[in-house]
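Descriptive structure summary
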Amino acid sequence: MQRYLLIESRDPFESRSFARRCELAAALAGEGAEVTVFLVENGVLAARETARVREIEHLGSLGVRVLADEFALRERGIPTAQLARAVRAAPLDALVTALGKGAKAMWN
């Protein structure tokens, strides 16, 4: 099984590339790949439940893991209790571990 790690650093409300990256993740998952979307920097703004980012919930329903960098969350004052259901907080080490296991990565 192919593994993909899509790292998203852009604010989803300022960049259309966020939605395109989510479309790519959904397509890869649809082909049977194991896909993780890792939100870092301003990408974590999409992780908030109140943000109501449809793409995040859709990815969760497809079995795509959506992780948000704990440090970036703290830096932006987003408590883990306020994350969308599809999102889990994770240390940056999780990203390194996925890369170490051979995941193909794309950073945006």
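Quick caveat: nothing in here was measured; it's all calculated off a predicted structure. Along each chain, the written sequence defines residue order, and numbers are assigned to residues from 1. Whole-chain, interface and lining totals are the exception, using all residues; otherwise, since this is a predicted model, local features are given only for residues with pLDDT of at least 70 and side-chain atom pairs are given and counted only at 80 or more. The side-chain quantities take in all heavy atoms of the structure and omit both hydrogens and water.

Let's talk about the pattern of salt bridges
One side-chain nitrogen of Lys or Arg within 4 Å of one carboxyl oxygen of Asp or Glu is enough to make a salt bridge. Throughout the structure, instances matching the rule amount to four salt bridges. Among the salt bridges present, the one from Arg3 reaches Glu34, with a minimum N-O distance of 3.6 Å. Separated by 31 residues along the polypeptide, Arg3 in strand S1 (residues 3-8) and Glu34 in strand S2 (residues 34-39) bring together distant segments of the chain. Relative accessible area decides the class of each residue, using a 1.4 Å probe on protein chains only: under 20% of the type maximum gives buried, over 50% gives exposed, and in between gives partly exposed. Among the residues examined, Arg3 registers a relative accessible area of 34% and is labelled partly exposed. Taking the relative accessible area as the measure of exposure, Glu34 reaches 39% and is therefore partly exposed. The salt bridge involving Glu8 is made with Arg21; its shortest N-O contact spans 3.7 Å. Of the two residues, Glu8 is situated in strand S1 and Arg21 in helix H1 (residues 17-30); the sequence distance between them amounts to 13 residues. Of the two residues examined, Glu8 and Arg21, each falls in the buried class. The helix and strand labels rest on DSSP assignments: H or I over at least four residues marks a helix, E over at least two residues marks a strand, and numbering proceeds from the N terminus.

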